[in-house]
Each structure stands twice: as C-alpha cells, then as structure tokens.
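Coordinate analysis (summary)
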Amino acid sequence: MTKTSNPAELAAISKRVRRHIVEMIAAAKSGHPGGSLSATELTVTLFFDVMRHDPANPKWADRDHYIIGKGHACPVLYAVMAECGYTPIDQLKTLRQMGSIYQGHPDVRFIPALEASTGSLGQGLSIGLGMACADRLDGRPSRTYVVLGDGEIQEGQVWEAAMFGGNHKVDNIVCIVDYNKIQLDGFVKDIMPLDPLADKWRSFGWHVIEVDGHDIPALQAAFAEAAATKGKPTALLAHTVKGKGVSFMENNPKFHGSAPNADELKLALEELA
Amino acid sequence: MALSTTYELKTGPATRESFGKALVALGHANPNVVVCDADLSKSTYTHLFAKEFPQRFFQCGIAEANMVALGAGLASAGKIPFVASFAAFVINKGFEQLRVTAAYPNVNLKVVGTHSGISIGEDGPSQMSIEDLSLACNLPGFTVFSPADDLSMDRIMHLAAEHFGPVYVRAGRAKAPLIYSTDPGFRIGGSNTLLEGNDVCVLANGLLVAEAIRAAAQLDAEGISVRVVDLYSIKPIDREAIEKASRECGAIVVAEEHLKDTGIGTRVAQVAAETKPCPMEFVGVDNTYAESGTPEGLLQKYGLVATDVVAAIRRVLARK
C-alpha cells in the first residue's frame, strides 16, 4: 500500500471505499450502510495516513491497533483493509455469505489481521484499553484507535471502560465516537440522548476533541493533537452524517440497517462516480 | 478390607489462597503474566501478586464487564492475563464478554472465580456461585478446572498458564482439606483416582472430593468398595475414566458444590450415556439458593457432606 497525507488523495480513496460499501451491501442484500458511510473518512485517514501498520506483516508487534466497536459497520473496515492490501478486493461482494472471510460482523477467525471480533456493542473500548495497557507495559510505541457508534455508548460497559482509561491515564488510546446522531430505532435524541457528550468524557478524565468527521485535514490535526496529549486518553467526537455521500441515505434511519436495492445501488454509484 | 490409600485430610489453605500464591510463582516465571481484579484483591488473594508486581496488576474497580474484555485485549497483545473476582460476579456479570471477547475469538484469557459454591458462608446467596461451572462449560473452547486443594490448585494454575486458549479455574473461600501430598500428575482432560474400588465410583471435584473420601472410608467398614476420582478437569472431561468407572463399578455417584441440574453430573451422565450407561445418583445443590450461615452448617443443610454421599451410594447400589 502507499500511504499519503494528501487530503485530496485521502478523499479519492474515501470515495472508492464508499463505492465498495454500497456495492458489497447491495450484493449481500443486507447489512449496515449508514454507519459505514459515516465512518469512512476517519477510517481511511487512520489506515492511509496516521496509523503504523504493515499489510505484509499484520502481526508486527509495534503496529497500531484499530478496533471497530460497532461491528455492524464492518463494511467500511473491510473496504479499507482491502484497499490497503490486507484482503482481496474482488471478494468484497461475498460479504455475509457462508464461507466468506467478510463475515456479517468482524471475525478474527476469518481475517486474522483484524484486532478483535466485535458485534456485541460496548466491548470494543475495553478490548482496546487492554491492548493499550499491554503496549505501554512493554514500552512499544503502538497506539490504539477504537471507533464506537454513538448509539453504542448507551452501553454501560463503555463508561466502565471510560472510567478505567481516565483513571489509569491510558494516553496511547483514542476513542472515536462516530457521532452520526442516528441509531436503529431512530434519532439518538429521541431514543436516549447523549448530550452533553463532551462534558461526559471530560468528567471521566479524557481529553476531548470535537471535529467534523468528514473533514480530512481536521481529522489529521485531531489525531496529531491526540498523539501529543500526555497523561490522558483522548475522546474524538467525530460529528458525522449517517449515510454520508449517498443523498437518499443521508440522515435517513432506514439505512442504518437495510441494503440498497438495484435501483438505489445504481443511483448511489452515480453519486459516488 | 482396607482402603487402598489413607488420607488424613488435614486442613489446608483455601484454594483462593493457593491461587494467589500460584499467581506470584507464575509472575516470577513469566513476565507476560498480568492480573486484573475488580476491587476484591484482598479476598481473591490477587493482592499478593499486586504487591510483588505492581506494574503488572490492573485494578479495574467494581466493573467486571470491562475487566473481562480488558483482559481479552491484554491477551490479544501478547500478555497472559488472569482476571479474578468472586465466581458469582466474574462469570455472571462478565458472561457476555467471556463469550464474545474470549471464547468466540479463542483469546488466551484466564479467568478465576473465587468464593464458589455455598461454602462462602455468611455472605449469602448473592455472593454464592452455584452456576459457574455450567456457564463456563457453555463457552465453546474454554478449558474448565475445579481443583480440590492446595497442591492441585498450584499445578492447575501452571496448566492454565501454559495452555493457549481461554481457561476458567474455580476456587473456594473455605479452607480446603489437603488431598495431595505428592504430585500424581495433572493434565487438561485428566482426573486422578484417589481410592481404588469396584462396587461404585464417586466422581467429585472441589470440597466434595474430601467428602467422597470420608464416605468411602465409612462404607469400607461395611465391605462396600468405593472408588473415588478427583474430576478436576471439568472440560474437557476425562471420558476414559468415566467409561472405566461405569464398566468396572457399574454404578456412579457425582458429587459437586454446584447446582445439580446443570452441573458436572449432567456432563458425566452424557459421557456415560455415550459410552457405557449405568445407574447414577447425584449430590449437589437441588434447585434452590442457600442462605447465610457457617460454611459447615450450610454444607450439611444443603446436602453436600459425606453422609449425603453415603446416602447417594446406597441409593445407586440399590438400583444396580
């Protein structure tokens, strides 16, 4: 893979990743496009610019770790890992089929380069903190990035983990909240509101950065600020648009967990051309 | 007749204390061993490790779900984490995390539940674990142990650390009678025959091993020859020993400080059904929660002492 810090190149990769996302979910006839599209720039920026990793050596001890707590948004991770060269691009459309490495939720048994099997919401930050603590104990330079859904942080375990991270000053971890304001049953504000979200993380001892989660230079600056923040873990609240990039999916709770049909796929690919 | 071996059954340390000491030994032997506890380190005896290796001890506070998944993360990054709490808390509050972050991805996490059974005594049922072995066995890929005494806990802790994969080890609060004076060998999927006999075989684990030995001694005087097997490896289970017991003794009693309905008895019965069925009886907690009391008083009231094993043996012999 070729890494780049150029925002225009990262934007171009993001567009390819979005095409993969809608194509693979359409082929599977099920899946979660909304939260995959909202997390695209932040995942692309991490893998293609920020993170230390090597697709040719996935278990490199000094690598950075990426965990997607909201495992249902795995199409974005699969597409990005395939673009990096970890896994075959031409098999992305086998998503959710029996025997496919691209399982319905991330499964380390099928893709050993994944850092964790997730899908039961609320567990990713705890796993990430364990990895970050191990790295710190062994003096490795590795950093851990955990992407959580906004609905996901309604899980109590997230706040157990937040308390641990703040108290143990785990400053080699960044918890990214993909704050797209929509969950399965509707808008987060109607289901179980989270605000004041930044204050919540601050009160648990985290350094908080709020950023437009589709603004690549802003994401790059935020990850740099997180890396420079010592003595505290960082919570990156990425304000995003659910379904970003496909007009009829944007801010539409329907596309949290349903696949585009053939006509919708055609429209989506035209918009992502 | 005389018993094939004599057991003094002198009082030894609780297996939680043996666990704590074994952890320190493992900590010295392997720098990758780390420990997590949820504000019970003085009760689980992980404080011994914390004192010796403060950098490698993670105080998680009263938050078991986070602790279990944190342990899975430590394991994924190359550590050998032992996460400990009361069995009732680490297994029940951490169960979903044990399932998704440890069992399903086959992560090298070690889980130790202390204060198992009803012999914790005065604290009562909210703190008593009578379901943990069954729940742990419900996790595909988990290896599950229930050691009976000081030496067996030490050996089993070493087995747990050396094995790659998730492991659950059950420990108790009450002082445990010493069964082993020398190491007969312990292995994953093994058991130890403590007394030879051919009229009936009692398969027991934990505190019930000593009760089974007492029962065998009592019945020996009547000319009843009781084989006693320490079934310390719950999963995988020693199929060979069970089949042999059924074939050679023709009657089996399973004794455990656990719910009878879902405990080791059901697993032993499954193996007997698949290999060589025979009449069986079960000693365990019978579809109820216990109460506060002295450990001795509770074990008596809820049917977990030698006289209960004797009664079960008489029942099963009557059905032979």
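Conventions adopted
- Residues numbered from 1 in each chain as written.
- Chains lettered and ligands numbered in written order.
- Predicted model: local features only at pLDDT ≥ 70, side-chain atom pairs only at ≥ 80, totals over all residues.
- Pairing = 2+ DSSP bridges.
- Helix = DSSP H or I, 4+ residues; strand = E, 2+ residues; numbered from the N terminus.
- Axes fitted to C-alpha atoms, helices over the stretch in contact; angles between N-to-C directions.
- Contact = placed C-beta atoms within 7 Å.
- Nonpolar A, V, L, I, M, F, W, Y, C, P; charged D, E, K, R; others polar.
- Parallel < 35°, antiparallel > 145°, perpendicular 65-115°, else oblique.
- Left-handed = near helix turned anticlockwise from the far one by under 90°.
- pLDDT = per-residue confidence, 0-100.
- Core = buried A, V, L, I, M, F, W, Y, C linked by C-beta atoms within 7 Å.
- Buried ≥ 20, exposed ≤ 12 C-beta atoms within 10 Å, placed from the backbone.

1. A closer look at the sheet that holds strand β13 (residues 252–259) of chain B
Residues and elements named next belong to chain B.
- With mixed pairing, the five strands of this open sheet are ordered in space as β9-β11-β10-β13-β14. At either margin of the open sheet sits one strand with a lone partner, and together these are β9 (192–195) and β14 (280–285). Strand-to-strand twist of the sheet, defined as the mean angle between neighbouring strand axes without regard to direction, takes the value 25 degrees.
- Strand direction decides the pairing type here: β9 and strand β11 (residues 226–230), joined by three bridges, are antiparallel.

2. Digging into the interface of chain B and chain A
- Counting residues at the interface gives 24 residues for chain B, matched by 23 residues for chain A.
- Looking at the side of chain B that touches chain A, the elements with two or more residues in it are α4 (64–76) and α6 (95–103) of chain B.
- Counting residues per element, the side of chain B that touches chain A draws most heavily on α4(B), which supplies nine residues.
- Of the residues contributing to the side of chain B that touches chain A, the split by class is twelve nonpolar, nine polar and three charged.

3. Re the packing of helix α1 (residues 7–28) of chain A against helix α3 (residues 40–50) of chain A
Residues and elements named next belong to chain A.
- At a minimum axis separation of 9 Å, α1 and α3 run at an interaxial angle of 120 degrees. When the interaxial angle is binned, α1 and α3 end up oblique. Every pair of crossing elements has a handedness; the one defined by α1 and α3 is right-handed. Here L10, I13, S14, V17 and R18 of α1 come into contact with α3, specifically with T40, E41, V44, T45, F48 and D49.
- Partitioned by chemical class, the residues of the contact of α1 with α3 number five nonpolar, three polar and three charged.

4. Thoughts on the confidence of the model for chain B
- This prediction gives chain B a mean pLDDT of 97; 99% of its residues lie at or above 70.
- Scored as a complex, the prediction yields pTM 0.97 and ipTM 0.96.

5. Topic: the nonpolar core
- If you look at the biggest cluster of nonpolar residues, it comprises 203 residues, and the most contacted ones within it are A:I176, B:V202, B:A212, B:I252, B:V253 and B:V309.
- Once residues within four sequence positions are removed from consideration, B:V253 is found in contact with B:V200, B:V202, B:E281, B:V283, B:V309, B:A312, B:I313 and B:V316.

6. A word on the sheet that holds strand β7 (residues 234–239) of chain A
Residue and element names in this part refer to chain A.
- The parallel open sheet is built from five strands, whose spatial order is β1-β2-β3-β7-β6. Whereas interior strands pair on both sides, the edge strands pair on one side only; in this sheet they are β1 (65–68) and β6 (207–212). Adjacent strand axes in the sheet meet at a mean angle of 20 degrees, parallel and antiparallel pairs treated alike.
- Bridging between β1 and strand β2 (residues 144–149) involves four bridges; their strand directions are parallel. Opposite Y66, over in β2, you have Y145 as the bridge partner.

7. A closer look at the pairing of β11(B)
Residues and elements named next belong to chain B.
- With respect to burial, β11 is a largely interior element, five of its five residues being buried.
- Along β11, one buried face is formed by V226, V228 and D230 and the opposite face, lined by R227 and V229, is buried too.
- Bridging between strand β10 (residues 200–204) and β11 involves five bridges; their strand directions are parallel. Opposite V202, over in β11, you have V228 as the bridge partner.

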